[in-house]
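Report on the structure
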Amino acid sequence: MMLRSSVHPHDLPLFSEDLDLLSQVLDKVCDERGLARTTPEAERIGAVIIQLYRQGVKDGGKLADLAKTYL
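What counts and what doesn't
Residues numbered from 1 in each chain as written. Predicted model: local features only at pLDDT ≥ 70, side-chain atom pairs only at ≥ 80, totals over all residues. Heavy atoms only, no water. Helix = DSSP H or I, 4+ residues; strand = E, 2+ residues; numbered from the N terminus. Buried < 20%, exposed > 50% of the residue type's maximum accessible area, 1.4 Å probe, protein only. Contact = heavy atoms within 4.5 Å. Areas by Shrake-Rupley, 256 points an atom, 1.4 Å probe, with all protein chains shown as cover. Core = buried A, V, L, I, M, F, W, Y, C linked by side-chain atoms within 4.5 Å. Phe/Tyr/Trp six-rings, centres within 6.5 Å; stacked < 30°, edge-to-face > 60°. Lys NZ or Arg CZ within 6 Å of the ring centre and 35° of its normal. Salt bridge = Lys/Arg side-chain N within 4 Å of Asp/Glu carboxyl O.

So, on to the overall build of the protein chain. Check the secondary structure of the protein chain and you find three helices and zero strands. Ordered by position from the N terminus, the helices and strands of the protein chain form the series α-α-α. Across the 71 residues of the protein chain, 27% fall into the buried class. Long-range contacts, defined as pairs at least 24 residues apart, comprise 54% of the intrachain contacts of the protein chain with a sequence gap of at least 6. When the accessible surface of the protein chain is split by element, carbon and sulfur atoms take 55% of a total near 5,200 Å².

Here it is, written out as structure tokens:
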């Protein structure tokens, strides 16, 4: 009997280079929207960016563009 283990992207850890990219994208979106990173809206944008990244969107520009569509 074989055990199947499916690892989903949302289960994988984020490494420092991942977090650097995500932080840069969040900074860019917040700057363009005039938001402080400590606002609830910025936190929601950050969550969307992480979700998109875990779904396979790895390009910073595309992440920023997609995150803006959720605003």
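There is more to say, and it comes next.
With that settled, the discussion passes to the nonpolar core. One finds Val 25, Val 29, Ile 45, Ile 49 and Leu 63 to be the most contacted residues of the largest nonpolar core, which totals 16 residues. Only helix H1 (16-33), helix H2 (40-54) and helix H3 (60-69) provide two or more residues apiece to this core. Among the elements that make up this core, the one with the highest residue count is H2 (six residues). When sequence neighbours within four positions are dropped, the list of residues in contact with Ile 45 reads Leu 26, Val 29, Leu 35, Ala 67 and Leu 71.

Turning our attention to the packing of aromatic side chains. Under the counting rule described, the total for this entry stands at zero aromatic pairs. Taking NZ or CZ as reference, Lys 58 lies 3.8 Å from the ring centre of Tyr 53, over its face.

Applying the stated criterion across every chain yields a total of three salt bridges. Note that Glu 32 is salt-bridged to Lys 68, the shortest N-O span being 2.5 Å. With Glu 32 in helix H1 and Lys 68 in helix H3, this residue pair connects regions lying 36 residues apart in the sequence. Residue classification places Glu 32 among the partly exposed positions, given a relative accessible area of 43%. Salt-bridge contacts for Lys 68 lead to Asp 65; the nearest nitrogen and oxygen are separated by 3.9 Å. Note that Lys 68 and Asp 65 are positioned in helix H3 at a spacing of three residues, about one turn of the helix. Here Asp 65 falls in the partly exposed class, since its relative accessible area comes to 46%. Shared partners join several salt bridges into a network, and the residues in it are Glu 32, Asp 65 and Lys 68.

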